[in-house]
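So you can see what is in the structure, the chains are spelled out below.
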Amino acid sequence: IPLIASSIISKKLATGADAVVLDVKVGSGAFMHELDKARELARAMVGIGRMAGRRMAALITDMNQPLGQAVGNSLEVIEAIDTLSGRSGGRLLEICLELGARMVVLGGVCDDVGQAREILRGLVESGKALAKLKEMVEAQGGDVSCVDDPDRIEVAPFSTRVLAPVDGYVCRADALTLGRAAAAMGAGRQRKTDSVDLGCGLRVLVSVGDRVEAGRPVAELFARAQSLLDEGAAEAMSAFAYSEAQCEAPPLVYEALEA
């Protein structure tokens, strides 16, 4: 924990930011698999930042299942555009609003997290959030037209769907296993020397707690070759578990460490 905390906070301090909001994940897809360890890490980072004179806050958030639907570079960019444009909601939008609201409060725009959340929601609905993304893309020499038309962003040509084998409730959509499935198709590195295929990855079509019927798609996968697709599909299928009894979804935010 001291090594992780010092590595992360040194980078934040080096930017010169007056205020920092941290998203500390806990679960199978995070550094910390247990809540008490995530809490210890969050407190260490917040403490270091405050000793350095920064305004600090942290949320401990769930990463037992993927935060959004997309896993993989191009797919995640498309989902980010859809979220900022208001076309997509769910857990990804909610955590953006929760984290952003703390930043609005630390920045002195308002004193209330609830009011700050509504300010941010209004920026999405008005189109100002998407316009800011365009500014950022243009400033970095990117193709702004992809923000207006995300279909221009290339996705790998081979695709398949993983289907629910039984009727029931989704009781597991394991983030680590789904990440491994995406990496197996080329979306991430398994060795330091591997290259990353930006167009590969997967979309998770269900969340823990959802009711599904046998044959319903629970994930959609994209790869450059059928062999890679088959490998990814086998891994992705093992990420899901089902129950006859209704399963309770884990909370999105476990705890908040605030000023």
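Now for a quick tour of the structure. (Residues numbered from 1 in each chain as written. Predicted model: local features only at pLDDT ≥ 70, side-chain atom pairs only at ≥ 80, totals over all residues. Heavy atoms only, no water.)

1. Brief notes about the nonpolar core
For soluble globular proteins, the rule of thumb is that nonpolar side chains tend to be buried together.
And then number 1: Within the largest apolar cluster, 29 residues are counted, with the highest numbers of intra-cluster contacts made by Val162, Leu178, Leu202, Leu221 and Phe240.
And then number 2: The biggest single contributor to this core is strand E8 (residues 217-223), with 5 residues.
And then number 3: The residues touching Phe240, leaving out its near neighbours within four places in the chain, are Arg172, Ala173, Leu178, Val204, Val206, Val218 and Ala219.
And then number 4: Counting 16 residues, the second-largest nonpolar core is a separate cluster that includes Ala5, Met32, Ala42 and Leu257. (Core = buried A, V, L, I, M, F, W, Y, C linked by side-chain atoms within 4.5 Å. Buried < 20%, exposed > 50% of the residue type's maximum accessible area, 1.4 Å probe, protein only. Helix = DSSP H or I, 4+ residues; strand = E, 2+ residues; numbered from the N terminus. Contact = heavy atoms within 4.5 Å.)

2. Description of the sheet that holds strand E1 (residues 19-26)
And then number 1: Spatially, the 3 strands line up as an open sheet ordered E1-E2-E10, and their pairing is mixed. The open sheet terminates on both sides in strands that have one partner only, identified here as E1 and strand E10 (253-257). Averaged over all pairs of adjacent strands, the angle between strand axes in this sheet comes to 15 degrees, irrespective of strand direction.
And then number 2: Of the strand pairs in this sheet, strand E2 (residues 55-62) and E10 are connected by 4 bridges, and their pairing is antiparallel. Paired with Ala58 across the bridge in E10 is Leu257.
And then number 3: Contacting E1, E2 and E10, helix H2 (residues 35-51) runs over the sheet at an angle of about 165 degrees to E2.
And then number 4: Where helix H4 (residues 90-106) meets the sheet, it contacts E1, E2 and E10, and its direction lies at approximately 150 degrees from that of E1. (Pairing = 2+ DSSP bridges. Axes fitted to C-alpha atoms, helices over the stretch in contact; angles between N-to-C directions.)

3. A look at the packing of helix H1 (residues 2-14) against H2
And then number 1: Between H1 and H2, the least distance of the axes is 9 Å, while the angle of their chain directions is 45 degrees. The angle between H1 and H2 places the two elements in the oblique class. H2 is crossed by H1, and the crossing has right-handed handedness. On H2, the residues that touch Ile4, Ala5, Ile8 and Ile9 of H1 are Leu41, Ala44, Met45, Ile48 and Gly49.
And then number 2: Looking at the contact of H1 with H2 residue by residue, the classes come out as 8 nonpolar, 1 polar and no charged. (Parallel < 35°, antiparallel > 145°, perpendicular 65-115°, else oblique. Left-handed = near helix turned anticlockwise from the far one by under 90°. Nonpolar A, V, L, I, M, F, W, Y, C, P; charged D, E, K, R; others polar.)

4. Overview of the environment of Ile153
And then number 1: Position of Ile153 relative to the elements: it lies in the loop between helix H7 (145-148) and strand E4 (158-163).
And then number 2: Classification of Ile153 as buried rests on a relative accessible area of 14%.
And then number 3: Here the alpha-carbon distance between Ile153 and Leu75, two residues 78 residues apart in the chain, equals 8.5 Å.
And then number 4: Setting aside its immediate chain neighbours within four residues, Ile153 contacts Ser74, Val77, Ile78, Ile81 and Cys146.

5. Focus on the packing of aromatic side chains
We describe a pair of aromatic rings using the distance from one ring centre to the other and the angle between the two ring planes.
And then number 1: Applying the stated rule across the entire model yields 0 aromatic pairs.
And then number 2: When the ring centre of Tyr169 is taken as reference, the NZ or CZ atom of Arg211 above it lies at 5.2 Å. (Phe/Tyr/Trp six-rings, centres within 6.5 Å; stacked < 30°, edge-to-face > 60°. Lys NZ or Arg CZ within 6 Å of the ring centre and 35° of its normal.)

6. As for the pairing of E2
And then number 1: Among the 8 residues in E2, 7 count as buried, and that is most of the element.
And then number 2: Pairing geometry for E1 and E2, over 8 bridges, is parallel. By the bridge assignment for E2, Asp23 is matched with Leu59.
And then number 3: Crossover connection from E1 via H2 to parallel E2: handedness right-handed. (Right-handed = clockwise from strand over helix to strand, strands pointing away.)

7. Concerning the environment of Thr177
And then number 1: Locating Thr177 in the fold gives a position in helix H8 (residues 175-184).
And then number 2: For Thr177, a relative accessible area of 12% gives the class buried.
And then number 3: Counting along the chain gives 59 residues from Thr177 to Ala236, while the straight-line C-alpha distance between them is 6.6 Å.
And then number 4: When residues no more than four places from it in sequence are discounted, the contact partners of Thr177 are Glu235, Ser238 and Ala239.
And then number 5: Of note is the side chain of Thr177, whose polar atom sits 2.7 Å from the side chain of Asp174. (Polar contact = N/O pair within 3.5 Å; in protein donor to acceptor, adjacent residues only side chain to side chain.)

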